[in-house]
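# Reading the structure
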Amino acid sequence: MSTGVIIALIVIVAVVVAVLAVLTVRARGAHGGGGLKRRFGPEYDRAVARHDGDVQAAERELAALVERHGGLRERPLEPAERERYEARWTATQEHFVDSPREAVAEADRLVAELAGARGFPDGGQYEDQVAALSVHHARHVQGYRTVHRLVGANGKADGSSDGAAPGTEELRAALLEARALFEDLLAPARGELTAKKTETTTTTTARREDHGRHLPRAFQRHQPKEG
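These remarks concern the structure in this document. These figures come from a predicted structure and were not determined experimentally. (Residues numbered from 1 in each chain as written. Predicted model: local features only at pLDDT ≥ 70, side-chain atom pairs only at ≥ 80, totals over all residues. Heavy atoms only, no water.)

## Considerations on the overall build of the chain
The helix and strand inventory of the chain stands at 10 helices and zero strands. Each helix (α) and strand (β) of the chain, taken in turn from the N terminus, gives the series α-α-α-α-α-α-α-α-α-α. Relative to its 227 residues, the chain shows a buried fraction of 37%. Of the contacts made within the chain by residues no fewer than 6 positions apart, 68% connect residues no fewer than 24 positions apart. In the form shown here, the chain has an accessible surface area of approximately 12900 Å², with 55% of it arising from carbon and sulfur atoms. (Helix = DSSP H or I, 4+ residues; strand = E, 2+ residues; numbered from the N terminus. Buried < 20%, exposed > 50% of the residue type's maximum accessible area, 1.4 Å probe, protein only. Contact = heavy atoms within 4.5 Å. Areas by Shrake-Rupley, 256 points an atom, 1.4 Å probe, with all protein chains shown as cover.)

Laid out in structure tokens, this is it:
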């Protein structure tokens with residue numbers, strides 16, 4: 001092989017390596033590092049913990065989620081539709097006073113249904129639904145995981161149990177945590193531009209504040225109710 005051919009091959013290899021390096025830097029800038037940490041917040045830390053501190057493995061997992069679900073566009077809710085969901089959540093909270101486990105099961109189903117209505121994968125595909133929610137509602141998706149775990153794991157909402165059933169305080173905390181995601185899903189998505197967006201947002205905020213002032217007594221920490 002002539003010297004000229006060898007030099008040409010070296011140049012080609014160098015160009016390929018340089019191109020791959022540029023593409024890697026661009027990919028990390030778009031999906032990795034600080035961008036992923038800002039986007040996923042607490043979900044970033046959970047991913048790192050799942051991978052036993054391996055940041056690169058966690059970032060590969062999160063980047064794959066963005067690739068898979070990042071293009072999802074949430075479907076707007078009609079005002080009447082939003083009001084029906086709000087009324088059902090209020091009824092669920094009131095049901096908690098007498099039947100904490102059943103209320104948590106209702107909350108689990110209601111969050112799954114609302115997520116499906118907004119265009120996320122159907123609640124019957126729980127893992128896919130949570131994965132998509134983690135991309136678009138990363139700061140509140142853990143509450144949904146918690147109620148789903150309490151419903152389907154050792155302490156089941158129907159009263160059966162393979163172990164110790166969760167207590168009322170644990171159920172109460174889970175329901176309140178899930179409510180954050182529920183309210184996030186009710187709010188207009190960032191891409192929704194309607195004439196009544198400001199009015200709807202103001203109304204929703206006022207209702208949330210009102211719900212906070214008028215929570216059922218079972219949600220008041222200084223008056224626990226044992227299950």
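## Considerations on the packing of helix H3 (residues 42-50) against helix H4 (residues 55-69)
Look at H3 against H4: their axes get within 8 Å of each other, and the N-to-C directions meet at 125°. Relative to H4, the element H3 is oriented oblique. As for the relative orientation of H3 and H4, their crossing is right-handed in sense. Between H3 and H4, the contacting residues are Tyr44, Ala47, Val48 and Arg50 on the first element and Val55, Ala58, Glu59, Glu61 and Leu62 on the second. Among the residues forming the contact of H3 with H4, the class breakdown is six nonpolar, no polar and three charged. (Axes fitted to C-alpha atoms, helices over the stretch in contact; angles between N-to-C directions. Parallel < 35°, antiparallel > 145°, perpendicular 65-115°, else oblique. Left-handed = near helix turned anticlockwise from the far one by under 90°. Nonpolar A, V, L, I, M, F, W, Y, C, P; charged D, E, K, R; others polar.)

## Digging into the packing of aromatic side chains
Under the defined criterion, the tally for this structure stands at two aromatic pairs. Ring centres of Tyr126 and Tyr144 lie 5.5 Å apart, and the angle between their planes is 75°; on these two criteria the pair is classed as edge-to-face. Of this pair, Tyr126 sits in helix H7 (residues 126-136) while Tyr144 is found in helix H8 (residues 141-152), placing the two residues 18 residues apart along the sequence. The exposure class assigned to Tyr144 is buried, which follows from its relative accessible area of 1%. (Phe/Tyr/Trp six-rings, centres within 6.5 Å; stacked < 30°, edge-to-face > 60°.)

## Here's the deal with the packing of helix H5 (residues 79-96) against helix H6 (residues 100-117)
Taken N-terminus to C-terminus, the directions of H5 and H6 make an angle of 165°; their axes are 8 Å apart at the nearest point. Compared by their axis directions, H5 and H6 come out roughly antiparallel. Relative to H6, H5 is oriented so that their crossing is left-handed. Across the interface between the two elements, Glu81, Tyr85, Arg88, Trp89, Thr92, His95 and Phe96 of H5 pack against Pro100, Glu102, Ala103, Val104, Glu106, Ala107, Leu110, Val111, Glu113, Leu114 and Ala117 of H6. Its residues assigned to classes, the contact of H5 with H6 comprises 11 nonpolar, two polar and five charged.

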